[in-house]
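Report on the structure
Listed below are the residues making up each chain.
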Amino acid sequence: MTRKHNFSAGPAVLPVSVIEELKAQLNDLHGSGIGLMEISHRSQTFDDIVRSAMARLRRVLGVPDDHQVLFLQGGASLQFAMIAQNILQGGSADYLDTGAWTAKSIKQAGHFGTARVPFSGKSDTYRQLPASGSWERDPSAVYTYYCTNNTIFGTQFAGAPVPDGRLVCDMSSDIASRSIDAAAHDVIFAGAQKNLGPSGVTVVILSPWAMARAATATQVPDMLSYGVHLGKGSLFNTPNTLGIFVLERVLAWIEDQGMDTVAARNRAKAQKIYDVLDSSDFWQPHAARDSRSDMNITWRLADSDLEPVMVQEGLAADISGIKGHRSVGGLRASTYNACPDASVDALVGFMGEFERTRG
Ligand code: PMP
């Protein structure tokens, strides 16, 4: 079996070494005589895995000791509502609308309070992120909400959009792809299925302020309550045991290389593709230059009739997952941590050949 060059936006390519480790544990987890999918989440063997995953995540992201890490289910999408129910609690927060996922979060926040939108990139097909200081903050906002990396449109914040105040952040598509200032954030959340593992595990990191505020929320069903999950160390109900195992192994793979090395490789991989996109008018990059993402690279072709042809011919060359999201069209290459240099080289070679024969 040959593995294709997988540029899927998520679930996405994982390190082959981790898949091999997973295979080895399916039948007999760490010599316990019980397989990974069959072992109790209350067993010591599994408890060790959860603790290790949490400790690794803390080290990789530089999470301060007084912040707590949760592994939940329901995807990043459930966090849109949980944040609003546990933290917004009827107040008003500033939401930067930089893509389809922030728009969804804004809608959910409306069920539990007011999502004020001081910036929206919608009219510009979310090409451009707001420059710092270009929008007005509400001084009484409970928090500022933003999404570091807009998976569909291919834009990525270089850093936090405001220098101070309470920050809530969706890091689903660039978590653990570069160093961050975790201490500056009150809530960080991310679905695992891009940089950290399979779908079905959601990472949530809460600051002391966020935990204290969540503790005052009333009428929150147990499964939706940060307080309940915190009180049970993420084991309030049966977690995604297999997903947490893989997450722990992926984090070990990142730690072995070092976050800075992984980040530099991500930068270099993305740049190779941007270099092609900038080389001629055949290519029409979607994201504004100063807003470009290192994780999801989006473009159209000057001749849009060639876009489906490119997707088809890519498949024939074992290049998979480059069809753009239906809301933007065009093409997209997702080059998360585990996307090998060889896959990016194959894509860049294919792009050059495609332009030569069709341009
Ligand atoms: N936020 C971002 C930035 C995403 O890319 C995605 C999924 N692609 C989501 C949220 C929603 O994640 P989930 O499917 O895990 O609910």
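Residues numbered from 1 in each chain as written. Predicted model: local features only at pLDDT ≥ 70, side-chain atom pairs only at ≥ 80, totals over all residues. Heavy atoms only, no water.

**Quick word on the side chain of Arg-249**
Of note, Arg-249 is situated in helix α7 (residues 241-257). For Arg-249, a relative accessible area of 19% corresponds to the buried category. Among the polar contacts listed, one links the side chain of Arg-249 to the side chain of Glu-21, at a separation of 2.9 Å. Contacts of Arg-249, omitting those with residues within four sequence positions, involve Val-18, Glu-21 and Arg-56. (Helix = DSSP H or I, 4+ residues; strand = E, 2+ residues; numbered from the N terminus. Buried < 20%, exposed > 50% of the residue type's maximum accessible area, 1.4 Å probe, protein only. Polar contact = N/O pair within 3.5 Å; in protein donor to acceptor, adjacent residues only side chain to side chain. Contact = heavy atoms within 4.5 Å.)

**A closer look at the site of the ligand**
Within the structure, the ligand sits among 13 residues, and Ser-77, Thr-151, Asp-170, Gln-193 and Lys-194 are positioned closest to it. In the environment of the ligand, an oxygen atom lies 3.4 Å from a nitrogen or oxygen atom belonging to the side chain of Trp-101. Taken by itself the ligand offers 390 Å² of open surface, and the protein chains cover 85% of this. When residues of the shell around the ligand are assigned to their parent elements, the largest contribution, 4 residues, is made by helix α3 (residues 75-88). (Near = heavy atom within 4 Å. Areas by Shrake-Rupley, 256 points an atom, 1.4 Å probe, with all protein chains shown as cover.)

**A few points about the domain arrangement of the chain**
Split by domain assignment, the chain resolves into domain 1 (16-256) and domain 2 (258-358). Computed over C-alpha atoms, the centres of domain 1 and domain 2 are 27 Å apart. Together, Arg-127, Ile-152 and Trp-253 form the three largest contributors to the area buried by domain 1 at its contact with domain 2, with a combined 25%. Across the domain 1-domain 2 interface, the total number found is 0 salt bridges. Summed over the shared surface of domain 1 and domain 2, the number is 18 residue pairs in polar contact (both at pLDDT 80 or more). Of all the secondary-structure elements, those providing two or more residues to the side of domain 1 that touches domain 2 are β7 (155-156) and α7. (Domains from an automatic or database assignment. Buried area = accessible area lost by both parts, 1.4 Å probe. Salt bridge = Lys/Arg side-chain N within 4 Å of Asp/Glu carboxyl O.)

**Some thoughts on the packing of aromatic side chains**
Taken as a whole and assessed by the stated rule, the structure comprises 9 aromatic pairs. A centroid spacing of 4.4 Å and a plane angle of 15° characterise the contact between Tyr-95 and Tyr-145, whose relative ring orientation is stacked. Here the residue Tyr-95 occupies a position in strand β3 (residues 92-97), and Tyr-145 occupies one in strand β5 (residues 144-147), the gap between them amounting to 50 residues. Assigned by exposure class, Tyr-95 and Tyr-145 land together as buried. Here the aromatic residues Phe-80, Tyr-95, Tyr-143, Tyr-145 and Phe-189 are joined through ring pairs into a cluster of three or more. Above the plane of the ring of Trp-101 lies Lys-104, whose end atom (NZ or CZ) is 4.7 Å from the centre. (Phe/Tyr/Trp six-rings, centres within 6.5 Å; stacked < 30°, edge-to-face > 60°. Lys NZ or Arg CZ within 6 Å of the ring centre and 35° of its normal.)

**What about unusual backbone geometry?**
Note that the residue after Gly-10, namely Pro-11, is joined by a cis bond; omega there is -5°. Relative to the elements of secondary structure, Pro-11 occurs in the loop between β1 (5-6) and α1 (16-25). Despite not being glycine, Gln-89 has its phi angle at roughly 50°, a positive value. Within the secondary structure layout, Gln-89 lies in the loop between α3 and β3. Located in the positive-phi region is Ser-234, a residue other than glycine, with phi close to 70°. Along the chain, the position of Ser-234 falls in the loop between α6 (226-231) and α7.

**Digging into the layout of surface pockets**
One simple way to see leftover space: roll a probe sized like a water molecule over the atoms. Empty space within the largest pocket amounts to approximately 330 Å³. Together, 23 residues line the largest pocket, and Gly-10, Trp-101, Thr-151, Gln-193 and Lys-194 are the ones closest to its centre. Top contributing element to the lining of the largest pocket by residue count: α3, with 4 residues. Looking at the lining of the largest pocket, its residues break down into 7 nonpolar, 12 polar and 4 charged. (1 Å grid on protein atoms, 1.4 Å probe; cavity = no way out; pocket = protein on both sides within 12 Å on 5 of 7 lines; lining within 4 Å. Points joined across faces, edges and corners; volume = space filled by probe spheres on them. Nonpolar A, V, L, I, M, F, W, Y, C, P; charged D, E, K, R; others polar.)

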